[in-house]
Structure formats: C-alpha cells, structure tokens
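What the coordinates show
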Amino acid sequence: MKLGKIEITLLVVLALALALRLLPIGYGLPLSLFNDEYVQVASALKMMEAQTLFLSFSYLPPLMAYLLIPFIALYGVFGMLFGIFDSLDGFKTFILLNSQQLLIFNRILVALAGTAAVWLTYKLGSKIFGKLVGLIAALWLALDFLHLHSSASGRFWIPLGLLMLLAIYSLWQLAKTG
C-alpha cells in the first residue's frame, strides 16, 4: 500500500500529537496536582477492592475508573510474576503506600485518547469536507493548547470528548449508509 502526501502528513501530525501529549506526562508526579486524577485512581481501586463496577462515593463519572481497572490489575499481575510484589497482599500494601504512582496510568490513557481524538477528527473531517480539511482540522486539534493541557492531565474530559467524536462519526456513517 503506497501512502500519499496526505497520509504521510497525517502520520507526522499523529506522531507530533502523541509526542506533545506524552512529553509533559510526568509533570508534578508523584504529587497529584490535578485533583480529579487521584479521585479517579481511588475510584478504580475501590471498585477493585469491592469487586464491583458500581461506584457509590465519587463525584466524577466512572469512565476513567473503568478504563484504569485493567491497567492496575495488569500492573499487579506483572509485578507478582516478576517478583516486584511477593503476593497480592504485597501489591495491596504497595498501593496503599504509593497509590500516587498509579497516576501515570491515568495520564497515559488520556494522552492516548487525545491522540485518538486527533485521528478521529481527521477521519470525520475528511468524510464530510475532504482529506485536506480533515488534515487541517487534525493539525489544529493536535496543536490546540487546551486540548494539549487536558490531554496531559489524567482527567476524564478528553476520553469523554473522544466518545462524543466517535458518536458523531458513527451518526455520520449511519446517515450516509442508511
């Protein structure tokens, strides 16, 4: 498959978007400088402890907690497999003492969602207005300061925006195909 100029430029824009979202990912760690981040990690930990997907104590929607649960679980499993934690109790103790270490998972997920939003903006723009307009819209979103700032913090706004873009894209596809 031969890539054209638009596709190569899109790959560059996506690489730039990902780099700009991952560069500041360690800002302020291990402190939680964005208050919502720790609430989402605590929500995921509470749901894992209670073995339920029902969240009864958080003022935030559970979207990020749902996305975090598999990553926290994999972190514990790999930690036990490679001897970082001696047992499940060792992992629980580590989490109790170092739960701020899990904030990086939150930020990585949001950075990936921000980059996916740039790609989906291209897809939507190219379907509606053409590839060049889609590319310009993707570049605009990739460099947008508010989107960059929100993508570097582990809050739920960027994944929620991605779901809204996905809904708009799906509705557009449905309207075109019937």
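Residues numbered from 1 in each chain as written. Predicted model: local features only at pLDDT ≥ 70, side-chain atom pairs only at ≥ 80, totals over all residues. Heavy atoms only, no water.

1. Comments concerning the pattern of salt bridges
Between side chains of opposite charge, pairing is possible as soon as their charged atoms come close. For clarity, the threshold we go by: One speaks of a salt bridge when a side-chain nitrogen belonging to Lys or Arg is within 4 Å of a carboxyl oxygen belonging to Asp or Glu. Think of it this way: any DSSP run of H or I at least four residues long counts as a helix, any run of E at least two long counts as a strand, and we number them from the N terminus. Any residue under 20% of the maximum accessible area for its type is buried, any over 50% is exposed, and the rest in between are partly exposed; the area is computed with a 1.4 Å probe on protein chains only.
The final tally for this structure, using the stated rule, is three salt bridges. Here glutamate 37 makes a salt bridge to arginine 107, at a shortest N to O gap of 2.6 Å. Within this pair, whereas glutamate 37 is found in helix 2 (residues 35–50), its partner arginine 107 is found in helix 5 (residues 103–128), the two being separated by 70 residues in sequence. Summarising the burial analysis for this pair, glutamate 37 and arginine 107 share the class buried. As a salt-bridge pair, lysine 46 and glutamate 49 come within 3.6 Å of each other at their nearest N and O atoms. Of the two residues, lysine 46 and glutamate 49 are both situated in helix 2; the distance of three residues between them amounts to about one turn of the helix. According to the relative accessible area criterion, lysine 46 is partly exposed, its value standing at 41%.

2. Concerning the packing of aromatic side chains
Quick note on the threshold: Side-chain rings of Phe, Tyr and Trp, where Trp is taken by its six-membered ring, are said to pair if the distance between their centres is within 6.5 Å; with planes under 30 degrees apart they count as stacked, over 60 as edge-to-face, and otherwise as tilted.
The full count for this structure, using the stated rule, is eight aromatic pairs. With a centroid separation of 5.8 Å and an interplanar angle of 80°, the aromatic rings of tyrosine 75 and phenylalanine 85 are classed as edge-to-face. You can see tyrosine 75 sitting in helix 3 (residues 63–81) and its partner phenylalanine 85 sitting in the loop between helix 3 and helix 4 (88–98), a full ten residues away along the chain. Measuring from centroid to centroid gives 5.3 Å for tyrosine 75 and phenylalanine 105, while their planes differ by 70°, and the two rings are edge-to-face. Placement of the pair is tyrosine 75 in helix 3 and phenylalanine 105 in helix 5, with a sequence separation of 30 residues. Judged by relative accessible area, which is 30%, tyrosine 75 ranks as partly exposed. Ring pairs connect the aromatic residues Tyr75, Phe85, Phe91, Phe94 and Phe105, which therefore count as one cluster.

3. Looking at a nonpolar patch on the surface
Note the threshold: Distance thresholds for patches are 9 Å for like charges and 5 Å for nonpolar side chains (Val, Leu, Ile, Met, Phe, Trp, Tyr), applied to residues having over 30% relative accessible area and no salt bridge. All accessible-area figures derive from a Shrake-Rupley calculation using a 1.4 Å probe, and residue coverage is judged against the displayed protein chains alone.
Residues Leu74, Val77, Phe78, Met80, Leu81, Phe82, Ile84 and Leu88 make up a contiguous nonpolar surface patch of roughly 830 Å² in combined accessible area. With five residues, the single largest contributor to the nonpolar patch is helix 3. Within the fold, phenylalanine 82 resides in the loop between helix 3 and helix 4. Phenylalanine 82 sits in the exposed class, given a relative accessible area of 65%.

4. Section: the nonpolar core
Our working definition: Only buried residues count toward a nonpolar core. Its members are Ala, Val, Leu, Ile, Met, Phe, Trp, Tyr and Cys residues joined through side-chain atoms within 4.5 Å.
The biggest cluster of nonpolar side chains holds 39 residues, and the ones touching the most others in it are Leu68, Ile72, Leu102 and Val118. Broken down by secondary-structure element, the contributors of at least two residues to this core are helix 1 (5–22), helix 2, helix 3, helix 4, helix 5, helix 6 (131–143) and helix 8 (157–177).

5. What to know about helix 6
For clarity, the cut-off: Between the first and last residue of a helix there are one fewer steps than residues, each counted as 1.5 Å, and that sum is the expected span. Contacts are assigned to residue pairs that have any heavy atoms within 4.5 Å of one another.
Relative to the 18 Å expected for 13 residues at 1.5 Å per residue, helix 6 spans 18 Å between its end C-alpha atoms, a close match to the ideal helical length. Buried-residue contacts for helix 6 involve helix 1, helix 5 and helix 7 (145–152).

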